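# Coordinates in review
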Amino acid sequence: ETGVTQTPRHLVMGMTNKKSLKCEQHLGHNAMYWYKQSAKKPLELMFVYNFKEQTENNSVPSRFSPECPNSSHLFLHLHTLQPEDSALYLCASSQGDSLSNQPQHFGDGTRLSIL
Amino acid sequence: AQTVTQSQPEMSVQEAETVTLSCTYDTSESDYYLFWYKQPPSRQMILVIRQEAYKQQNATENRFSVNFQKAAKSFSLKISDSQLGDAAMYFCAYRRTGTASKLTFGTGTRLQVTL
């Protein structure tokens, strides 16, 4: 069983829809992350949360809105997306700043397709 | 800004043979961490091995070892006795110390293992 669970695994939506991606970690970690993985491009960090506080927004368009209600849950709310937003969205967690050599544990990802 | 370069988009190795995946990075920091992650098809990212920059000794994890050349900013991964289950995308990643654990990834190398 993976320590980081993402739902849904696949999502197809139109450009005017509103949907949310969910991530849950069962590892007791303090930091959670959203990444975007597009074909033939490096993984792109989108957002970082430490102890529920957003510590990094990597110039992500406002049509992506993260939410971190507690250290175990992370959401990515999607609204009015564009076709170029189609990608694999990966969630990860780690022990956080003080032990920054600790690895990030990744979920299986949500494959998002924008029609 | 830190960058990570993986110059081999694809590699192939025969089962039981040894293969080396290359990675170079650019940073002005003296203390940082380096990682290799494995992403099997349609599955989550898995940490393979990590190296602290202040350690001169190369990290080793069973059949996986690294050749860390700090002056050259090189961090290659050697897989010995390759197995079919090693087939995956391999990502090299860099992280500074004392930050919100932001990982910078390379574009990845797809490894095929043949019989």
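Residues numbered from 1 in each chain as written. Chains lettered and ligands numbered in written order. Predicted model: local features only at pLDDT ≥ 70, side-chain atom pairs only at ≥ 80, totals over all residues. Heavy atoms only, no water.

Right, let's get into the overall build of chain B. What chain B contains, in helices and strands, is zero helices and 12 strands. Going from N to C terminus, chain B has its helices and strands arranged as β-β-β-β-β-β-β-β-β-β-β-β. Relative to its length of 115 residues, chain B is compact, with a C-alpha radius of gyration of 14 Å against a globular reference of 13 Å. Taken along its principal axes, the extent of the C-alpha atoms in chain B is 45 × 30 × 20 Å. Taking all 115 residues of chain B together, 50% fall into the buried category. (Helix = DSSP H or I, 4+ residues; strand = E, 2+ residues; numbered from the N terminus. Rg over C-alpha atoms; globule rule 2.2 N^0.38 Å. Buried < 20%, exposed > 50% of the residue type's maximum accessible area, 1.4 Å probe, protein only.)

Looking now at the interface of chain A and chain B. Contacts between the two partners involve 27 residues from chain A, matched on the other side by 24 residues from chain B. Taking both sides of the interface into account, the surface hidden between chain A and chain B amounts to around 1900 Å²; carbon and sulfur atoms contribute 48%. Linking chain A with chain B are four residue pairs in polar contact (both at pLDDT 80 or more), by the criterion used here. A per-class count over the side of chain A that touches chain B returns 10 nonpolar, 12 polar and five charged. (Contact = heavy atoms within 4.5 Å. Buried area = accessible area lost by both parts, 1.4 Å probe. Polar contact = N/O pair within 3.5 Å; in protein donor to acceptor, adjacent residues only side chain to side chain. Nonpolar A, V, L, I, M, F, W, Y, C, P; charged D, E, K, R; others polar.)

Here we come to the pattern of salt bridges. Side-chain pairs of opposite charge can arise where the charged atoms are in close proximity. Residues and elements named next belong to chain A. Per the stated rule, a full pass over the model turns up seven salt bridges over all chains. We note a salt bridge from Asp 108 to Arg 9, for which the minimum N-O separation is 3.7 Å. With Asp 108 in the loop between β10 (105-106) and β11 (110-114) and Arg 9 in the loop between β1 (4-7) and β2 (10-13), the pair connects residues that are 99 residues apart, well separated along the chain. (Salt bridge = Lys/Arg side-chain N within 4 Å of Asp/Glu carboxyl O.)

Let us now look at the nonpolar core. Residues Tyr 25, Trp 36, Phe 75, Leu 77 and Tyr 90 of chain B are the most contacted members of the largest nonpolar core, which totals 25 residues. For this core, the secondary-structure elements that each account for two or more residues are β3 (19-21), β5 (32-39), β6 (46-52), β8 (64-69), β9 (74-79), β10 (88-96) and β12 (109-114) of chain B. It is β10 of chain B that provides the largest number of residues to this core, a total of four residues. If near-sequence neighbours (up to four positions away) are discounted, Tyr 25 of chain B is found in contact with Thr 3, Val 4, Tyr 32, Leu 34, Phe 68, Gln 69, Lys 70, Lys 73, Ser 74, Phe 75 and Tyr 94 of chain B. The next biggest cluster of nonpolar side chains, apart from the first, holds 22 residues, and it includes Leu 11, Met 46, Leu 78 and Ile 114 of chain A. (Core = buried A, V, L, I, M, F, W, Y, C linked by side-chain atoms within 4.5 Å.)

This paragraph deals with the pairing of β11 of chain A. All names here are of chain A. Burial of the side chains of β11 is restricted to one face: Thr 110, Leu 112 and Ile 114 are buried, whereas none of Arg 111 and Ser 113 on the reverse face is. Direction of pairing for β2 relative to β11: parallel, over a ladder of four bridges. Across the sheet, residue Met 13 finds its bridge partner in β11, namely Ile 114. The pairing of strand β9 (residues 87-94) with β11 spans three bridges and is antiparallel. (Pairing = 2+ DSSP bridges.)

Remember that the coordinates give geometry; whether it matters functionally is a separate question.
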